[in-house]
Amino acid sequence: MAAPPSDTQVQRATVQSIRPVGDDAFVLEVTLPEALGPLRAGRFFMLKREDDLSPAIPRPFSVYRQAADDRVDFLIKTLGRGTQALANTRVGEKVQLTGPLGNGWPVWEADGSAKWFVGGGIGAAPFFMAIQQAIGVGVEPGKITFVYGGRTMGFLYDLDLFRELGVKVVAATDDGSEGFHGNVVQACESMLGEGEGAVQVFTCGPDPMMKAVVAFADRNEFQSWVSLESYMGCGVGICNGCAVGTKEEGPYGDWPVAKCCVDGPVFASSAVQL
Ligand SMILES: Cc1cc2nc3c(=O)[nH]c(=O)nc-3n(C[C@H](O)[C@H](O)[C@H](O)COP(=O)(O)OP(=O)(O)OC[C@H]3O[C@@H](n4cnc5c(N)ncnc54)[C@H](O)[C@@H]3O)c2cc1C
Ligand code: FES
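Residues numbered from 1 in each chain as written. Chains lettered and ligands numbered in written order. Predicted model: local features only at pLDDT ≥ 70, side-chain atom pairs only at ≥ 80, totals over all residues. Heavy atoms only, no water.

## Regarding the site of ligand 1
With respect to spatial proximity, 21 residues lie near ligand 1, and among them Pro60, Leu75, Gly82, Thr83 and Tyr231 are the closest. At 2.8 Å from a nitrogen atom of ligand 1 is found a main-chain nitrogen or oxygen belonging to Leu75. Between a nitrogen atom of ligand 1 and a main-chain N or O atom of Glu229, the distance comes to 2.8 Å. In isolation ligand 1 exposes 900 Å². Once the protein is present, 76% of that is buried. Here ligand 1 occupies the largest pocket. For the shell around ligand 1, the secondary-structure elements that each account for two or more residues are β4 (59–62), β6 (71–77) and α1 (81–87). If one sorts the elements of the shell around ligand 1 by residue count, β4 sits on top with four residues. Residues that form the shell around ligand 1 fall into these classes: twelve nonpolar, five polar and four charged. (Near = heavy atom within 4 Å. Polar contact = N/O pair within 3.5 Å; in protein donor to acceptor, adjacent residues only side chain to side chain. Areas by Shrake-Rupley, 256 points an atom, 1.4 Å probe, with all protein chains shown as cover. 1 Å grid on protein atoms, 1.4 Å probe; cavity = no way out; pocket = protein on both sides within 12 Å on 5 of 7 lines; lining within 4 Å. Sits in = over half its atoms within 2 Å of the grid points. Helix = DSSP H or I, 4+ residues; strand = E, 2+ residues; numbered from the N terminus. Nonpolar A, V, L, I, M, F, W, Y, C, P; charged D, E, K, R; others polar.)

## A look at the pairing of strand β13 (residues 223–227)
Within β13, four of the five residues are buried, leaving the element largely enclosed by the surrounding structure. The pairing of strand β12 (residues 199–204) with β13 spans four bridges and is classified as parallel. Bridge pairing in β13 links Val201 to Ser224. Viewed along the sheet, the connection from β12 through helix α5 (residues 207–219) into β13 turns out right-handed. Two elements, β13 and strand β16 (residues 266–268), share three bridges in a ladder whose sense is antiparallel. Bridge pairing in β16 places Trp225 opposite Ala268. (Buried < 20%, exposed > 50% of the residue type's maximum accessible area, 1.4 Å probe, protein only. Pairing = 2+ DSSP bridges. Right-handed = clockwise from strand over helix to strand, strands pointing away.)

## Focus on helix α2 (residues 127–136)
It helps to recall that an α-helix has 3.6 residues per turn; residues three or four apart then point in one direction. For α2, the full list of buried residues reads Phe127, Phe128, Met129, Ala130, Ile131 and Ala134. The inward-facing, buried residues of α2 abut β5 (65–68), β8 (114–120), β9 (144–150), α3 (159–163) and β12. (Contact = heavy atoms within 4.5 Å.)

## Section: the pattern of salt bridges
This structure, assessed with the given rule, holds 13 salt bridges. Ionic pairing is found between Arg43 and Asp7, a salt bridge with its closest N-O pair at 2.8 Å. Taken together, the residues span a long stretch of sequence, with Arg43 in the loop between β2 (25–31) and β3 (44–49) and Asp7 in the segment before β1 (9–21) at a distance of 36 residues. On the basis of relative accessibility, which here comes to 34%, the residue Asp7 falls in the partly exposed class. When the shortest N-O distance is used, the salt bridge between Glu194 and Lys168 registers 3.5 Å. Of this pair, Glu194 sits in the loop between α4 (184–191) and β12 while Lys168 sits in strand β10 (residues 168–173); the two residues are 26 residues apart in sequence, bridging distant segments of the chain. Through salt bridges with shared partners, a single network forms among Arg49, Asp51 and Glu93. (Salt bridge = Lys/Arg side-chain N within 4 Å of Asp/Glu carboxyl O.)

## Quick look at the layout of surface pockets
Put simply, the largest pocket is a space of about 1,200 Å³. Lining the largest pocket are 44 residues; nearest its centre among them are Lys77, Leu79, Ile122, Gly123 and Glu229. Considering each element in turn, the lining of the largest pocket owes the most residues, four residues, to β4. For the lining of the largest pocket, the residue count by class is 22 nonpolar, 15 polar and seven charged. Structurally, the lining of the largest pocket is a two-domain feature, drawing no fewer than three residues from each of domain 1 (9–101) and domain 2 (114–227). (Points joined across faces, edges and corners; volume = space filled by probe spheres on them. Domains from an automatic or database assignment.)

Pasting the structure below:
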């Protein structure tokens, strides 16, 4: 079983800006006292505001963007106490940051396959840098599609920024308020038959959405990967709070559970049960 990453550190970061996005989310930009080096997209940090109201256990958040070695952005949806506290931080305040943690997306290869990144709501967070890094290793922007779904346009966060990446962006909303009228799987189905060739699918979002995206990929014999957002206690492999069931025919064999925090959060869909 995997151990915590050797580059993980605990740091007190300084809040540089808080930018509201969509109906219920914000981008939190922080600077760190110790530079981190380039981060792989899909890795995450445990984050906590230093106040008396925040829960004692830090919460996990994907790296959204890295503007410099010591500057990281998080795209955060306000849900409960932990995210509410982070939403209420002020510029100049300190937050506790543990990371980087987890494995991140697979190494990108300019292998001619189309890459479809399929995000739902806040599941867009690990895709911004993923797309930047895929382009960085030579994947043609024309081969990359970001399919981004939400109930309404208010749950498609930072869509304009994703559009600036220069890849094809397909927005999909349940109520048709932005882009394709329907869910992300229907949007993916509508893209078939455009001479796509081999396709690799990467998905992050609510569990039922990821399950449907993987089923779509399986039906079409596309390889797929998922980034799971399990509940986490420690983030470093100790508490067993993030157990994920594995598939016997996958790489874990008869080992029944993997830990999302140290074995993931990214898994080949052939490895884990959704
Ligand atoms: C590897 C990883 C990366 C993540 N990246 C991001 C990110 O980039 N941006 C972001 O906004 N969120 C992300 N999350 C989810 C985020 O950690 C939770 O939303 C957060 O912990 C909620 O904390 P809270 O104290 O505000 O809410 P809580 O009070 O803990 O919970 C509020 C409500 O949300 C539900 N909830 C809490 N956590 C989850 C979860 N993981 N899945 C489903 N429902 C949940 C609870 O059941 C409850 O109903 C990520 C999770 C993981 C594991
Ligand atoms: S969160 Fe504690 S083992 Fe994964």
